[in-house]
Structures are given as C-alpha cells and as structure tokens.
Amino acid sequence: VLASVLASSWRVANVALLPVLLLTVAEPRASPLLLGVMAVASLGAASCLIGTASLRPAKSAPPSRALSAPSPTPDDCGGGMATPDELAVIYAVKHSLRQSPPPPNLPEDGKVVAVQLLRVVREHGTDARAVERVYRRALAWKRDNLPDKPQLDALAESRWLCAAEMPHGEWAVGHWPIGFHCGYSKSGSPVKIERLGACAPPSDTKLLYPYYLALVDTLQRRLDRTSVTSGRLQQTYELFDLAGLGTHMVTFTTLSFTKDVMLAFATHYPSSFSKAVVINAPSFMERLYRILSTVLPASVKAKVSILGAEYEAELANDLTPETLYWVTTASHAQLCRAPFRDGAAPAQPAGSSRAVR
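Everything in this summary refers to the structure shown in the same document. Because the structure is predicted, anything quoted here is derived from the model rather than measured.

With that settled, consider the overall build of the protein. Each helix and strand in the protein was counted, giving 15 helices and five strands. Counting all 357 residues of the protein, 54% fall into the buried class. Once local pairs closer than 6 in sequence are excluded, the contacts in the protein between residues at least 24 apart make up 77%. About 15,800 Å² of surface is accessible on the protein, with carbon and sulfur atoms providing 58% of the total.

In this section: the pairing of strand S3 (residues 236-241). In terms of burial, S3 is largely enclosed, as six of its six residues are buried. Burial of S3 is two-sided: the residues Thr236, Glu238 and Phe240 facing one way and the residues Tyr237, Leu239 and Asp241 facing the other way are all buried. Relative to S3, strand S2 (residues 191-194) is paired through four bridges, and the arrangement is parallel. Within the sheet, the bridge partner assigned to Ile193 lies in S3 and is Leu239. Direction of pairing for S3 relative to strand S4 (residues 273-279): parallel, over a ladder of six bridges. What sits directly across from Leu239, in S4, is Val277.

A sheet is described by the order of its strands in space; here five strands give the open sequence S1-S2-S3-S4-S5, paired in mixed fashion. Whereas interior strands pair on both sides, the edge strands pair on one side only; in this sheet they are strand S1 (178-179) and strand S5 (304-306). Most of the contacts of helix H9 (residues 208-230) go to S2, to which it runs at about 170 degrees, and overall it touches S1, S2 and S3.

Here the focus is the pattern of salt bridges. All told, the structure shown has 16 salt bridges when counted by the stated rule. The shortest N-O distance in the salt bridge between Lys149 and Asp217 comes to 2.8 Å. Here Lys149 is found in the loop between helix H6 (128-145) and helix H7 (150-156), whereas its partner Asp217 is found in helix H9, with 68 residues between them in sequence. For the residue pair Lys149 and Asp217, the accessibility class agrees, reading buried in each case.

Formed by 47 residues in total, the largest nonpolar core has its most connected members in Met166, Trp176, Tyr211, Tyr212, Leu215 and Leu242. Those elements that provide at least two residues to this core are H7, helix H8 (169-175), H9, helix H10 (252-268), S4, helix H11 (283-292) and S5. Ranked by residue count, the leading element in this core is H9, at nine residues. Judged by nonpolar contacts, the second largest core, of 23 residues, contains Val89, Val113, Val115 and Leu117.

Across the junction of Ala338 and Pro339, the peptide omega takes the value 15 degrees, indicating a cis bond. In this structure, His168 takes a positive phi of about 60 degrees despite not being glycine. Phi is positive for Asn280, close to 60 degrees, though the residue is something other than glycine. Mapping Asn280 onto the fold places it in the loop between S4 and H11.

About the criteria used
Residues numbered from 1 in each chain as written. Predicted model: local features only at pLDDT ≥ 70, side-chain atom pairs only at ≥ 80, totals over all residues. Heavy atoms only, no water. Helix = DSSP H or I, 4+ residues; strand = E, 2+ residues; numbered from the N terminus. Buried < 20%, exposed > 50% of the residue type's maximum accessible area, 1.4 Å probe, protein only. Contact = heavy atoms within 4.5 Å. Areas by Shrake-Rupley, 256 points an atom, 1.4 Å probe, with all protein chains shown as cover. Pairing = 2+ DSSP bridges. Axes fitted to C-alpha atoms, helices over the stretch in contact; angles between N-to-C directions. Salt bridge = Lys/Arg side-chain N within 4 Å of Asp/Glu carboxyl O. Core = buried A, V, L, I, M, F, W, Y, C linked by side-chain atoms within 4.5 Å.

Below is the structure:
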C-alpha cells in the first residue's frame with residue numbers, strides 16, 4: 001500500500017529523492033530500512049519522469065473554462081496523433097497563444113507547437129486553461145535557463161546530433177558520457193544511454209549545466225520534429241548504466257545538479273519517455289524492485305525495468321543489434337559521438353562546413 005501511494009503521488013518530493021537512492025546504492029553499510037524507503041521513493045520519481053500521470057483519467061475542462069477557437073482539423077496536430085478531445089484542447093490553446101502577445105520563443109511551426117501541447121495534455125489532462133498555463137511556464141523557463149544555441153536548434157531540424165556537439169561537449173566526452181541517439185528500440189523509440197556510474201563530477205557546474213540542459217532541449221526538439229514528420233508521438237527509451245557508481249559522486253554539487261535537472265525535465269518536458277531501464281544495478285536493488293512492483297499497475301511495470309549485470313538477454317527483447325552495440329561495446333568517447341560510428345563525421349546541411357561545438 002505504501003509503495004502504491006508513493007508511486008502515484010508526492011511527485012516533486014520523489015524526484016528530489018531519486019538521486020539520493022542512486023548514490024546510496026554504492027554504500028553497502030547503509031541501513032536496509034533506509035534503502036527500502038529510498039527505493040519506494042524512486043518508484044514515484046520514475047512514475048513522474050516517464051509520464052505515468054497519463055494512467056489517471058484525464059480531467060475534462062468545464063464549459064466555462066474552455067477556450068474558444070475555430071473548429072480544428074486533424075492536420076493541426078501533425079497528422080492526427082491526437083484524439084478528437086485532445087485535438088480540440090490543442091487547437092483552442094494554439095489559438096489563445098497567438099493572441100496578444102504571443103510568447104517570444106513560441107515555435108513558428110504550428111505543428112511543432114501542437115506536438116508540444118499534446119505532450120502537456122497527455123500529462124496534465126484536457127483543461128485547456130491549465131494546459132496553456134503549464135505550456136507558458138515551460139516556455140518562460142526555457143527562455144530564462146537554456147544556453148543560447150541557435151546553430152544546434154537549426155541542425156536539430158534536419159538530423160540527429162551527438163553529445164559531443166553540445167556546448168562543452170568535448171569536455172563531456174571524458175566526464176559525463178551520454179549517447180544522445182543510439183539507434184531505436186524494436187518499438188521504434190529513439191534510445192538514449194547515460195552511463196551514470198562512469199560520470200566524473202566536476203568541482204562546479206559551469207560546464208555541466210550548459211552541456212546537459214542543451215542536450216535535453218536539443219533532444220526534445222528532435223523528438224518534436226520527428227513526431228511531426230512521422231505522424232507518431234516520439235518518446236525516448238532511456239537506459240541508465242550504474243556500473244562503477246560509487247561514493248565519489250556523493251557531493252553537494254552533484255546532488256544539487258541532479259535535483260535541479262530532474263525537476264526541470266519532469267516539469268517542462270512532459271510525456272517524453274516511453275520506457276526507463278536501469279542496468280548493472282546492485283542485487284538488493286533488483287530484489288526490492290521485484291517486491292515493490294507487485295503493487296504497481298501492469299502499465300507502470302511495463303515502463304520501468306531494474307536489471308543487474310545479466311541484462312543482455314532482456315535488453316535483446318527490446319533493442320536492435322545496432323543499439324546493443326552502444327550498450328555493450330562502445331567506449332565512453334564513442335558513446336558521446338553516437339549515432340556516428342567509427343570516426344564518421346556528422347552529416348552537415350548544405351552550406352555548413354563543420355559540426356557545432
């Protein structure tokens with residue numbers, strides 16, 4: 001009962017507790033009771049991050065709170081990804097956003113706006129005014145916190161980028177290995193890999209924040225664009241590798257950074273995960289999850305997996321051979337340049353002579 005409650009509520013508190021769990025697993029002398037509590041809390045954080053709020057019935061807006069707009073058409077949401085009820089909310093909010101005055105960083109492409117609004121609707125329900133408030137807050141946060149990256153934004157319209165192309169990306173190759181786009185899952189979701197156990201926490205975050213925030217936002221831009229072109233809402237398959245995780249990561253800087261990033265991602269980039277998988281988890285973490293997962297809905301368990309060192313057979317059910325290469329074979333430096341293998345340079349649009357650094 002406790003696990004069920006924590007997995008479906010206290011969303012912000014649980015996001016803040018997740019990094020504590022990940023750092024606690026490396027300390028075998030920690031109290032089993034403490035580890036159990038942290039594991040329960042982490043389930044709530046996972047629920048928040050992968051959008052399990054969509055499992056609850058969507059809230060319908062009362063007639064008096066609905067926004068007025070002309071009749072929508074399926075094309076207003078990039079090819080008909082939304083249900084009729086979702087489409088009506090999206091079109092009403094789009095119409096309101098274009099009124100006096102529109103947010104300065106509102107995307108010019110109306111179909112991209114529709115995809116972004118669909119993500120908010122899937123997470124927060126069909127109250128049009130609430131959806132507009134959430135979306136406007138996200139745009140304001142991005143305006144105030146993201147690094148200036150016009151070249152990256154332009155490239156994301158036409159191709160997948162790699163982590164090494166982000167601001168301070170070359171620094172990240174040796175300190176924070178992430179595979180931006182490591183192929184696709186068998187269900188068609190782009191795969192992102194983070195080797196948390198291999199991270200080398202910096203003494204300050206002047207390089208880390210611009211790198212990671214730019215990576216998250218650029219990835220989201222690419223997901224939104226491919227959603228429009230494919231006619232299917234694109235969400236990532238997230239894989240977190242804990243191999244090498246140790247107490248060296250227990251610093252105030254790391255905890256503060258992780259909390260800030262996870263809160264921002266959960267709040268301003270909704271409905272972006274299709275599945276989250278942890279590999280090389282300690283054995284006690286696997287056992288705790290097996291016990292606690294018995295009270296979780298099947299739809300949640302299908303989106304979260306905690307695996308130990310023997311993970312390859314299960315991952316082979318989800319991932320293509322190309323993607324498994326990035327999981328098992330690629331070095332940290334190679335991972336940071338995914339999806340480009342064997343030293344291949346990223347393809348550039350016409351008129352561009354080099355990758356953005």
